[in-house]
Amino acid sequence: MPAPRRYVTDAIVLSRFDLGEADRVLTLITPGYGKLKAIAKGIRRPSSRLGGSLEPFAELNVALARGRTFDVVTEVRVGHAWLALRDQLESAATAWYLAELADRSLEERHAAEPLYALLHRAYELLDAGMAPGRVARWYEMHLADELGQRPEVDRCVECDRMLDPAETFRWVPPLGGAVCQRCPGPPAERTALSLDALKLLKAYQRLDVEAIAALRLPAAAEREVEAAMRDFMRVALEREARSLAFLDEVRAAPGTAGTTAPV
Ligand SMILES: [Zn+2]
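About the criteria used
- Residues numbered from 1 in each chain as written.
- Predicted model: local features only at pLDDT ≥ 70, side-chain atom pairs only at ≥ 80, totals over all residues.
- Heavy atoms only, no water.
- Helix = DSSP H or I, 4+ residues; strand = E, 2+ residues; numbered from the N terminus.
- Rg over C-alpha atoms; globule rule 2.2 N^0.38 Å.
- Buried < 20%, exposed > 50% of the residue type's maximum accessible area, 1.4 Å probe, protein only.
- Areas by Shrake-Rupley, 256 points an atom, 1.4 Å probe, with all protein chains shown as cover.
- Lys, Arg positive; Asp, Glu negative; His and termini not counted.
- Charge placed at Lys NZ, Arg CZ, Asp CG, Glu CD.
- Donors = N, O, S within 2.8 Å, 3.2 Å for Na, K, Ca; no water.
- Tetrahedral: all angles 85-135°; square planar, octahedral: opposite > 155°, others 65-115°.
- pLDDT = per-residue confidence, 0-100.
- Contact = heavy atoms within 4.5 Å.
- Salt bridge = Lys/Arg side-chain N within 4 Å of Asp/Glu carboxyl O.
- Core = buried A, V, L, I, M, F, W, Y, C linked by side-chain atoms within 4.5 Å.

Chemist: Sorry if this is basic, but what is going on with the overall build of the chain here?
Modeler: Broken down by element type, the chain carries eight helices and eight strands. Here the chain has a C-alpha radius of gyration of 20 Å; the compact-globule value for 263 residues is 18 Å, and the two agree. Principal axes of the C-alpha set define a box for the chain whose edges measure 65 × 40 × 30 Å. The burial tally for the chain puts 49% of its 263 residues in the buried class. A total of about 12800 Å² of accessible surface is found on the chain, and carbon and sulfur atoms cover 51% of it. The centroid of the 35 positive side-chain charges in the chain is displaced by 4 Å from the centroid of its 38 negative side-chain charges.

Put into structure tokens, the structure is as follows:
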């Protein structure tokens, strides 16, 4: 949808960089106008009216004027500030990762209502204290669905047979999901997937997020599903998310270990 000369929209900041002396360029996700780049002129000056409200991890209401290269932010109001999310380093690092996935998934100026709603919900959940790893897996699964790349966890992606719990499985993201034991293929590209992990992947597709938050799970299955979904997203989006390095660092740091354990 082409934006009018001046318009107002809800928005979440996906990324930003400083430009020149005092400006900042923001990548925003909006429900109606999709992803767009906007410039906040003079925002880094102490006297700026836009001030500190144009921040990530908040739902903003932003007034914009169409510009030649970037649209120009003229006013900002904070709708929801997810303050608790910012207090926890792992939640904040996860929020960056989710924003990067949304950024990578969208082309500029394409409608993005479902993705906006998904990111909004994920931030609410992080803010409410749900385990960041669970929020991330739930989000990855639904994002893949929105991209038309729902992982196949019920049938073998090669022979289309229903996966049999009595057999073994492998996870093959380039093929779109799980492969049965009768379809061997080159082993290097096929990671073994335990039955617990397969069940958990199914749960992320089928259960509502409240039920997922309440699941009690072996930590090993959570780790396996994390690796499986990272691989899947890397293949779907054609590269590894840069923010994962920071997220891994945060989780490895003393004091944050164990925060991905079942809630
Ligand atoms: Zn098969």
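Chemist: Help me out: how do you make sense of the coordination of the zinc ion in this one?
Modeler: Any two of four tetrahedral donors ideally make an angle of 109.5 degrees at the metal, while pairs among six octahedral donors ideally make 90 or 180 degrees. Summarising the metal site, the zinc ion is bound by the protein donors Cys156 (SG), Cys159 (SG), Cys180 (SG) and Cys183 (SG), whose distances to it range over 2.3 to 2.4 Å. Coordination at the zinc ion comes from four donor atoms whose angles at the metal span 105 to 114°, giving a geometry best classed as tetrahedral. Taking the relative accessible area as the measure of exposure, Cys159 reaches 36% and is therefore partly exposed.

Chemist: Please explain the confidence of the model for the chain as it appears in this structure.
Modeler: Do not read the fine detail of predicted coordinates wherever pLDDT is low. Per-chain confidence: the chain averages 90 in pLDDT, with 94% of residues scoring 70 or above. Low confidence marks residues 257-263, where pLDDT is under 50. Its contacts with residues over four positions away, or in another chain, come to 15 contacts.

Chemist: What is the right way to look at the pattern of salt bridges in this model?
Modeler: Two side chains carrying opposite charge are able to pair once their charged atoms lie near each other. Applying the stated rule across the entire model yields 20 salt bridges. A salt bridge links Arg242 to Glu100, with the nearest nitrogen and oxygen atoms 3.9 Å apart. Here Arg242 is found in the loop between α7 (219-237) and α8 (243-252), whereas its partner Glu100 is found in helix α2 (residues 89-105), with 142 residues between them in sequence. Residue Glu100 is classed as buried on the basis of its relative accessible area, which comes to 9%. A salt bridge links Arg161 to Glu167; the shortest N-O distance between them is 2.9 Å. A residue is classified by how much of its surface remains accessible, and Glu167, at 15% relative accessible area, is buried. Within the structure, one salt-bridge network assembled from shared partners comprises Glu90, Glu226, Arg230, Asp248 and Arg251.

Chemist: What is the right way to read the nonpolar core from this model?
Modeler: Taken as a class, soluble globular proteins show a tendency for nonpolar side chains to be buried jointly. Counting residues in hydrophobic clusters, the biggest one holds 64 residues, and the most contacted among them are Ile29, Tyr97, Leu98, Tyr123, Trp138, Tyr139 and Trp171. Leave out the neighbours within four places in its chain, and Tyr139 touches Leu98, Leu101, Ala102, Leu118, Leu119 and Ala122. Formed by 18 residues, the second largest nonpolar core is a distinct cluster that contains Ala11, Leu28, Ile43 and Ala58.

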